[in-house]
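Structure assessment
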Amino acid sequence: MNTLHVHLQPAHAGTLESSDAFVRVMPNDQAGVEIVLESSVAEIYGDAIEALVLQTVLSMNVDRVKVTVQDKGALDFVIKARVQTALLRALGVNEPDWSTL
Amino acid sequence: MKQKLRRSMLFVPGSNTGMVCNAFIYQPDTVMFDLEDSVALSEKDSARMMVFHALQHFTYQNIETAVRVNPLSSPFGLQDLEAVIRAGADIIRLPKTDTMDDVLEMEQEIAHIENRIGREKKTLLLAAIESALGVVNAVDIARCSKRMMGIALGAEDFVRDLRTQRTKEGTELSAARNQILLAARAAKIGAFDSVFSDVKDKEGFVHEAQYVKGLGFDGKSLINPNQIPWLHKVFEPSKKEVDWAIEVCEAAKDAKEKGFGVVSLDGKMVDAPVVLRAEWILDLARASGVLGEEQ
């Protein structure tokens, strides 16, 4: 995934159950990564969660994307898994390079 | 060789995030993440990704992990393998193993992935036998690969194949259980019984667990964490067994120190398999907490 991915379809992953996160990704007109976070622990962990989401999106070389995360008390690895799944779905990738995830 | 205890193998659906995050808390001997039957077709990718990350999380570094992957004949099987071998799964559980070729094909793919990613630790295999054909071929399945650590009965699919249904008595499973146990022992690998689906029926569960333990099975697959303490209690050795095992092990140690080739206890010769059984009972006793770690 060395090329920059700017063409993606709207997609989502996850659930609204406890310990999970529901992540939606949408194409965005503007360059960069826009993150909208909804979390009951946003006051304490909001910055850390947003940084994790941003790092995950950038490591997959995706740009011009809006990522909405509804966090239900998810661990870091759960949020990462949900963001990656939503992005792979948005990009139509069924066989990712696991060494980069 | 010291045998790892595998009394309890807890199934954890890869699509159930809460269970994926918390299964280690219940301390089963093995956590068995499932990417197959418990995961809807539309969530195969998300479950695979979740298990990929869970396997690498620190909470699963000190507990044995297995993953039931989708069959290689499905569009998901190979991707499952790629993800979970890279993530460090200890064991791959093959679903619906009918023949030796099913195992060999899986082994070949695993070896290929391990070589490609440079994984030194060999991934082990656990074959689930879930059909009449699989039971008939159990000996070949159990013996065909050095990676095989055990074979397990998958009773739900098996009874469907036999055109019957499961009963509390379990008579419909007796032929399969005996065949699987004999095949496993002939191959010197583990034998694991099927799940008990009625999670509220403690009495029925304990009865079945006592029965399969009596047959010689090493453990059971479980679908609910509540069943773990029930099962471990069934496998807990009695004080009489522990006392006997301590005596045998002390006699064996004494014989070794004195350079005797033969172990004797109360004037009777003790065979090597008896010493191994005594060591296994002490392992069970330690795991059950009835014996301290140092004893």
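Quick caveat: nothing in here was measured; it's all calculated off a predicted structure.

Criteria and cut-off values
Residues numbered from 1 in each chain as written. Chains lettered and ligands numbered in written order. Predicted model: local features only at pLDDT ≥ 70, side-chain atom pairs only at ≥ 80, totals over all residues. Helix = DSSP H or I, 4+ residues; strand = E, 2+ residues; numbered from the N terminus. Rg over C-alpha atoms; globule rule 2.2 N^0.38 Å. Buried ≥ 20, exposed ≤ 12 C-beta atoms within 10 Å, placed from the backbone. Contact = placed C-beta atoms within 7 Å. Nonpolar A, V, L, I, M, F, W, Y, C, P; charged D, E, K, R; others polar. Domains from an automatic or database assignment. Pairing = 2+ DSSP bridges. Right-handed = clockwise from strand over helix to strand, strands pointing away. Core = buried A, V, L, I, M, F, W, Y, C linked by C-beta atoms within 7 Å. Axes fitted to C-alpha atoms, helices over the stretch in contact; angles between N-to-C directions. pLDDT = per-residue confidence, 0-100. Parallel < 35°, antiparallel > 145°, perpendicular 65-115°, else oblique. Left-handed = near helix turned anticlockwise from the far one by under 90°. Expected span 1.5 Å × (residues − 1). Arc of directions from axis to C-beta.

Brief notes about the overall build of chain B
- Looking only at helices and strands, chain B features twelve helices and ten strands.
- For chain B, whose C-alpha radius of gyration is 20 Å, the value lies close to the compact-globule estimate of 19 Å for 295 residues.
- In chain B, which comprises 295 residues, the share counted as buried stands at 46%.
- Sequence-distant contacts, at least 24 apart, represent 67% of the contacts inside chain B between residues at least 6 apart.

As for the overall build of chain A
- Per the secondary structure count, chain A includes two helices and four strands.
- For chain A, the N- to C-terminal ordering of α and β elements is β-β-β-α-β-α.
- In terms of overall dimensions, chain A is globule-like: its C-alpha atoms have a radius of gyration of 13 Å, near the 13 Å expected for 101 residues.
- Seen through its principal axes, chain A has C-alpha atoms that stretch 35 × 30 × 20 Å.
- Expressed as a percentage of the 101 residues in chain A, the buried residues total 35%.
- For chain A, the proportion of contacts with a sequence separation of at least 24, taken over those separated by at least 6, is 74%.

Here we look at the interface of chain A and chain B
- On the chain B side, the residues contacting the 16 residues of chain A number 15 residues.
- Ranked by residue count, the leading element in the side of chain A that touches chain B is helix α2 (residues 76–91) of chain A, at seven residues.
- Grouping the amino acids of the side of chain A that touches chain B by side-chain chemistry returns eight nonpolar, four polar and four charged.

Brief notes about the domain arrangement of chain B
- According to the domain assignment, chain B consists of domain 1 (8–234) and domain 2 (239–288).
- Of note, the centres of domain 1 of chain B and domain 2 of chain B, computed from C-alpha atoms alone, are 32 Å apart.

Observations concerning the pairing of strand β3 (residues 33–39) of chain A
All names here are of chain A.
- By the bridge criterion, seven bridges tie β3 to strand β4 (residues 65–71) in an arrangement that is parallel. Within β4, the residue paired with E34 across the bridge is K66.
- Following the backbone out of β3, through helix α1 (residues 42–59) and into the adjacent parallel β4, one traces a crossover that is left-handed.

Thoughts on the environment of A:L58
- As for its position among the elements, A:L58 is in helix α1.
- For A:L58 and A:L4, which are 54 residues apart along the polypeptide, the C-alpha to C-alpha distance reads 9.4 Å.

Section: the nonpolar core
All names here are of chain B.
- Residues V51, V84, L125, A127, I129, I151 and I180 are the most contacted members of the largest nonpolar core, which totals 110 residues.
- Residues from two domains meet in this core; each of domain 1 (8–234) and domain 2 (239–288) gives at least three.
- Residues within four places of A127 in sequence aside, it is in contact with L94, T97, V103, I141, M148 and I151.

Considering the sheet that holds strand β4 (residues 91–94) of chain B
Residues and elements named next belong to chain B.
- One closed barrel accounts for eight strands, arranged β1-β2-β3-β4-β5-β6-β7-β8; its pairing is parallel. Strand-to-strand twist in this sheet, taken as the mean axis angle between neighbours without regard to direction, amounts to 25°.
- Where strand β1 (residues 8–13) meets strand β8 (residues 219–222), three bridges bridge the pair, whose relative direction is parallel. Residue pairing across strands places M9 opposite S221, the latter belonging to β8.

Quick look at the confidence of the model for chain B
- With 98% of its residues at a pLDDT of 70 or more, chain B shows a mean pLDDT of 93.
- Confidence metrics for the complex model read pTM 0.91 and ipTM 0.95.

Here we look at the packing of helix α9 (residues 202–215) of chain B against helix α10 (residues 227–234) of chain B
Residues and elements named next belong to chain B.
- Running from N to C, α9 and α10 point in directions that differ by 40°, and their axes come no closer than 9 Å. It follows that α9 is oblique to α10 by the angle criterion. Seen from above, α9 lies across α10 with right-handed handedness. Of the residues in α10, those in contact with K202, F205, V206, A209, Q210 and K213 of α9 are Q227, W230, L231 and V234.
- When the residues that make up the contact of α9 with α10 are grouped by side-chain class, the tally is six nonpolar, two polar and two charged.

Considering the sheet that holds β3(A)
Residue and element names in this part refer to chain A.
- Taken in spatial order, the four strands make up an open sheet running β1-β2-β4-β3, and their pairing is mixed. Edge positions in the open sheet fall to β1 (11–14) and β3, since each of these has one partner strand only. Across the sheet, the mean angle from the axis of one strand to that of its neighbour is 10°, orientation sign disregarded.
- Packed onto the sheet, α1 meets β3 and β4 and runs at close to 145° relative to β3.
- In this fold α2 packs onto β1, β2 (21–27) and β4, with an angle of close to 35° to the strand it touches most, β2.

Some thoughts on the environment of B:I113
Residues and elements named next belong to chain B.
- Here I113 shows up in helix α4 (residues 100–117).
- Note: C-alpha distance between I113 and L5 (108 residues apart in sequence) is 28 Å.
- Each residue touching I113, except ones within four places of it in the same chain, is listed here: L81, E82 and I85.

Quick word on helix α8 (residues 174–186) of chain B
Residues and elements named next belong to chain B.
- Here α8 is 13 residues long and its end C-alpha atoms lie 18 Å apart, about the 18 Å a rise of 1.5 Å per residue gives.
- Every buried residue belonging to α8 is among A176, R177, I180, L181, A183 and A184, and all of these are buried. The arc enclosing the buried residues of α8, seen along the axis, measures out at 165°, which places them on a common side. Exposed and oriented more than 90 degrees from the buried face of α8 are S174, A175 and A186.
- Phi turns positive, to about 60°, at K188, one or two residues after α8.

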